[in-house]
Amino acid sequence: MADCSSGTQQQEMFEDWLSCRMRQLGLDEDVFGSYVTGVLDSEDTDEDRKDALIDILEGMTEYPLDDLCNEVIERWKTSRAEVLQKKELVKEQKAAEKQNKLAEIMEKQAATMSTTKPQDKSDSEIKKLLVAHDEEPAASADKEPGMFKNVNAQAVSDREKDKRDKMKDDNDQKKQQIKEAKEKQKQKADDRKEKEKKRTQKGERRAR
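Everything numeric in this text was worked out from a predicted model, so none of it was measured. The residue numbering used here restarts from 1 in each chain and proceeds along that chain's sequence as written. In keeping with the predicted nature of the model, local features appear solely for residues at pLDDT of at least 70, side-chain atom pairs appear and are counted solely at 80 or more, and the whole-chain, interface and lining totals rest on all residues. Side-chain metrics in this entry use all non-hydrogen atoms of the structure; hydrogen atoms and water are not considered.

Structural notes on the overall build of the protein chain
Then comes step 1: Helical segments are the DSSP runs of H or I of at least four residues, strand segments are the runs of E of at least two, and each set is numbered from the N terminus. Of regular secondary structure, the protein chain possesses seven helices and zero strands.
Then comes step 2: Taken from N to C terminus, the helices and strands of the protein chain fall in the order α-α-α-α-α-α-α.
Then comes step 3: Within the protein chain, the fraction of its 208 residues that count as buried is 26%.
Then comes step 4: For the protein chain, restricting intrachain contacts to residue pairs at least 6 apart in sequence, the fraction spanning at least 24 positions comes to 55%. Three labels apply to residues, based on accessible area from a 1.4 Å probe with only protein chains included: buried if under 20% of the type maximum, exposed if over 50%, partly exposed otherwise in between. We call two residues contacting when some pair of their heavy atoms lies within 4.5 Å.

What follows is the structure, given as C-alpha cells:
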C-alpha cells in the first residue's frame, strides 16, 4: 500500500494526496475526487463540509468516517491556507461595508423623519437602499419605525426565502450527484468482480 503521508503538508498537492487516499480506500478517484473537492470548496464551515463528506462516503468504505472526514478537511485547509485567509479578509471587508451602508440609511431616515415637509423623494431613495442592501441582518429591521421597518422586514424575508429555495435546490442536486457517483462506484466494483470471476473460470478450464 502506498504511503500518502510522505513530505510535508505544506508541499503536498491536495488533489494528488486525495487521489492516493481514495485508491487506498478502494474508491474510484475519478468518481469521488471531484465531488469531495467541490464540497470542500463550496461549503462555508467545517461542520457543513464534514456533513457533506459523510453523505458522499457513507456506505462506500469501512474506514471510520469521522476520522476520514477530519483528515480530509485538515489536509484541504492546509493546502488552501492562503485562499482561506483571503476569503476571510473579503468577508470582513463586506461586513464593514454593510455596516457603513446601514449607518448611511439610518442617517437619511433620521433626517427624513425630523422634517415636517413631505419628502417623497427621500423616502423613495431610502426604500431603494433598504431593498438593495444585501445580507442585512434581520435584527436591524426591528430598529426601524413605521413604513421603513415594514419595507426592510419584507426585503429581509424575501432574501431569506430566496436563500432557502436555493439551498434546497443545491441540496437536491448534490444528493442526485452523490447517488450517481455511488452507482458508478458500485458498477465499477461489479465489473471488476465479473472480470475476476471470468479469469478464475478460464484458469479452471485450462487446469482440467
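From this point, the discussion proceeds with the structure in view.
Here we look at the packing of aromatic side chains
Then comes step 1: Working definition: rings of Phe, Tyr and Trp (its six-membered ring) pair if their centres are within 6.5 Å, and the pair is stacked with planes under 30 degrees apart, edge-to-face with planes over 60 apart, and tilted otherwise. Summed over the entire model, instances satisfying the criterion amount to one aromatic pair.
Then comes step 2: Whether a charge sits over a ring depends on NZ of Lys or CZ of Arg being within 6 Å of the ring centre and within 35 degrees of the ring normal. When the ring centre of Y63 is taken as reference, the NZ or CZ atom of R21 above it lies at 4.8 Å.

Structural notes on the pattern of salt bridges
Then comes step 1: Salt bridge, as used here: a side-chain nitrogen of Lys or Arg that lies within 4 Å of a carboxyl oxygen of Asp or Glu. One pass over the full model with this rule turns up eight salt bridges.
Then comes step 2: Taking the shortest distance from any N to any O, the salt bridge between E15 and R80 comes out at 3.0 Å. Note that E15 is positioned in helix α1 (residues 14–24) and R80 in the loop between α4 (65–79) and α5 (81–114), a separation of 65 residues in sequence.
Then comes step 3: When its relative accessible area of 33% is taken as the criterion, E15 is described as partly exposed.

What to know about helix α3 (residues 46–57)
Since the α-helix packs 3.6 residues into each turn, any two residues three or four apart lie on the same face.
Then comes step 1: Its 12 residues place the ends of α3 16 Å apart at the C-alpha level, agreeing with the 16 Å of an ideal helix rising 1.5 Å per residue.
Then comes step 2: Along α3, the residues classified as buried are R49, K50, A52, L53, I56 and L57. With its buried residues spanning 165° around the axis, α3 presents them on a single face.
Then comes step 3: Two residues or fewer past α3, G59 is found with a positive phi of approximately 80°. What a helix is expected to span follows from its residue count: subtract one and scale by 1.5 Å. Here the arc refers to the directions that run from the helix axis out to each C-beta atom.

Topic: helix α2 (residues 29–42)
Then comes step 1: Taking 1.5 Å as the rise per residue, α2 with 14 residues should run 20 Å; its terminal C-alpha atoms sit 19 Å apart, in good agreement.
Then comes step 2: Among all positions of α2, only V31, F32, G33, V36, T37, V39 and L40 are buried.
Then comes step 3: Under this definition, polar contacts are N or O atom pairs within 3.5 Å; protein pairs additionally need one hydrogen-donor-capable and one acceptor-capable atom, and for neighbouring residues in sequence, both atoms have to be side-chain atoms. N-capping of α2 is provided by D28, with a side-chain oxygen placed 2.8 Å from the backbone N of D30.

Brief notes about the side chain of R21
Then comes step 1: Structurally, R21 can be placed in helix α1.
Then comes step 2: Among the polar contacts listed, one links the side chain of R21 to the side chain of Y63, at a separation of 3.3 Å.

Observations regarding the packing of α1 against α2
Then comes step 1: For helices, the fitted line uses only the C-alpha atoms of the stretch in contact; every axis is such a line through C-alpha atoms, and the angle between N-to-C directions lies from 0 to 180 degrees. Packing of α1 against α2 brings their axes to within 10 Å, and their N-to-C directions diverge by 130°. When the interaxial angle is binned, α1 and α2 end up oblique. Remark: the crossing between α1 and α2 carries right-handed chirality. Every residue of α2 that contacts α1 at F14, E15, L18, S19, M22 and R23 is listed here: E29, F32, G33, V36, T37 and L40.
Then comes step 2: A per-class count over the contact of α1 with α2 returns six nonpolar, three polar and three charged. Orientation is classified from the angle alone, with under 35 degrees giving roughly parallel, over 145 giving roughly antiparallel, 65 to 115 giving roughly perpendicular, and any other angle giving oblique. Helix crossings fall into two classes, left-handed where the near helix is turned counterclockwise from the far one by less than a right angle and right-handed where it is turned clockwise. Residue classes follow a fixed rule: Ala, Val, Leu, Ile, Met, Phe, Trp, Tyr, Cys and Pro count as nonpolar, while Asp, Glu, Lys and Arg count as charged, and any other residue, Gly among them, counts as polar.

Remarks on the nonpolar core
Then comes step 1: By nonpolar core we mean a set of buried residues, namely Ala, Val, Leu, Ile, Met, Phe, Trp, Tyr and Cys, connected to one another through side-chain atoms within 4.5 Å. With 24 residues, the main nonpolar core has F14, L27, F32, L40, L53, L57 and V72 as its most contacted residues.
Then comes step 2: Mapped by element, the contributors of at least two residues to this core are α1, α2, α3, α4 and α7 (146–207).
Then comes step 3: Considering every element that reaches this core, the biggest residue donor is α4, with six residues.
Then comes step 4: In contact with V72, not counting residues within four places along its chain, are F14, W17, V36, L40 and L53.

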